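One letter stands for each residue in the lines below.
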Amino acid sequence: AIKRVPGYVDLIVVVDDGSTDRTWEVLSKICDPRLNLLKHNRNRGVGAATKSGYRHCEKTRADLIAVMDGDGQMDGHDLAGLLDCAMSGAEYVKGNRFLHRSSIGCMPRVRHIGNRLFSWLAKRAASFDNSLDSHCGYTVIQRHALNRLALEDLYDRYGFPTEMFFEACRAGLAVECVPVRTVYGDEVS
């Protein structure tokens, strides 16, 4: 997934969330001066890993902070669209696979139906007027907006992207969604 990060990105923060394979060993061999490695001693969940990355970025000079999962399902070419939207005034930008036609065709049917249902429910619960892909974790947030969120109160596990969306709405952030592709390999959904 690090190879998918565009060259214009100034800082890459990778959080090894207690992996039990050779992830840390492989990461430690990557020679990229932009790379900052963080390690959880045990698996704490995608939300905890994302929060650790956010906290690290808060200590840097980053103005825009992107989340790109390490599972290889996010296309680095889409990052420019998320960043452009944030630079145009959106404080929190969520990727939306439903807005990109190529993503729909390759998304496993059960996953597509489930994500549509949960996204519709989240959209209604948040009174959000635009299209939403609530489970998509490909996001960009402005640093000042991140500082307005109660990260420590958010869920540490799988539901984090949806809860982060709700927290952004509760905080009154300007939230926008942009089309992103998704890449699926041989994994079972």
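Residues numbered from 1 in each chain as written. Predicted model: local features only at pLDDT ≥ 70, side-chain atom pairs only at ≥ 80, totals over all residues. Heavy atoms only, no water.

**Topic: the overall build of the protein**
Along its length, the protein carries 7 helices and 6 strands. Ordered by position from N to C terminus, the α and β elements of the protein give β-α-β-α-β-α-β-α-α-β-α-α-β. What you see for the protein is a C-alpha radius of gyration of 16 Å, in line with the 16 Å of a compact globule of 189 residues. If you line up the protein on its principal axes, its C-alpha atoms span 45 × 40 × 30 Å. Expressed as a percentage of contacts within the protein between residues at least 6 apart in sequence, the contacts between residues at least 24 apart total 70%. (Helix = DSSP H or I, 4+ residues; strand = E, 2+ residues; numbered from the N terminus. Rg over C-alpha atoms; globule rule 2.2 N^0.38 Å. Contact = heavy atoms within 4.5 Å.)

**Details of the packing of aromatic side chains**
Throughout the structure, instances matching the rule amount to 2 aromatic pairs. Both rings, one in Phe128 and one in Phe165, keep their centres 5.1 Å apart while their planes meet at 85°; by these two values the pair is edge-to-face. Here Phe128, found in the loop between helix H5 (109–126) and strand S5 (139–142), pairs with Phe165, found in helix H7 (residues 160–170); they are 37 residues apart in sequence, far enough to count as distant. By the burial criterion, Phe128 is buried, and Phe165 matches it. Between Phe165 and Phe166, the aromatic rings sit 5.7 Å apart at their centres with planes inclined by 50°, giving tilted as the arrangement. (Phe/Tyr/Trp six-rings, centres within 6.5 Å; stacked < 30°, edge-to-face > 60°. Buried < 20%, exposed > 50% of the residue type's maximum accessible area, 1.4 Å probe, protein only.)

**Structural notes on unusual backbone geometry**
With a phi close to 55°, Ser127 is a non-glycine residue in the positive phi region. Note on placement: Ser127 falls in the loop between H5 and S5.

**Some details on the nonpolar core**
Ranked by size, the top nonpolar core spans 22 residues in total, and within it Tyr54, Tyr92, Ile141, Met164 and Leu173 carry the most contacts. When residues of this core are traced back to their parent elements, those giving at least two are helix H2 (46–58), strand S3 (64–67), helix H6 (143–146), H7 and strand S6 (175–179). In terms of residues, this core owes the most to one element, H7, which gives 4 residues. Discounting chain neighbours no more than four positions away, the residues touching Tyr92 are Tyr54, Thr139, Val140, Ile141, Pro161, Met164, Phe165, Ala168, Leu173, Ala174, Val175 and Glu176. In terms of nonpolar packing, the next biggest core, distinct from the first, is built from 20 residues, Val9, Ile12, Leu35 and Leu83 among them. (Core = buried A, V, L, I, M, F, W, Y, C linked by side-chain atoms within 4.5 Å.)

**Thoughts on the environment of Asp84**
Relative to the helices and strands, Asp84 is located in helix H3 (residues 79–87). As a C-alpha pair, Asp84 and Val178 span 94 residues in sequence and 9.8 Å in three-dimensional space.

Purely geometric numbers; function is a separate question.
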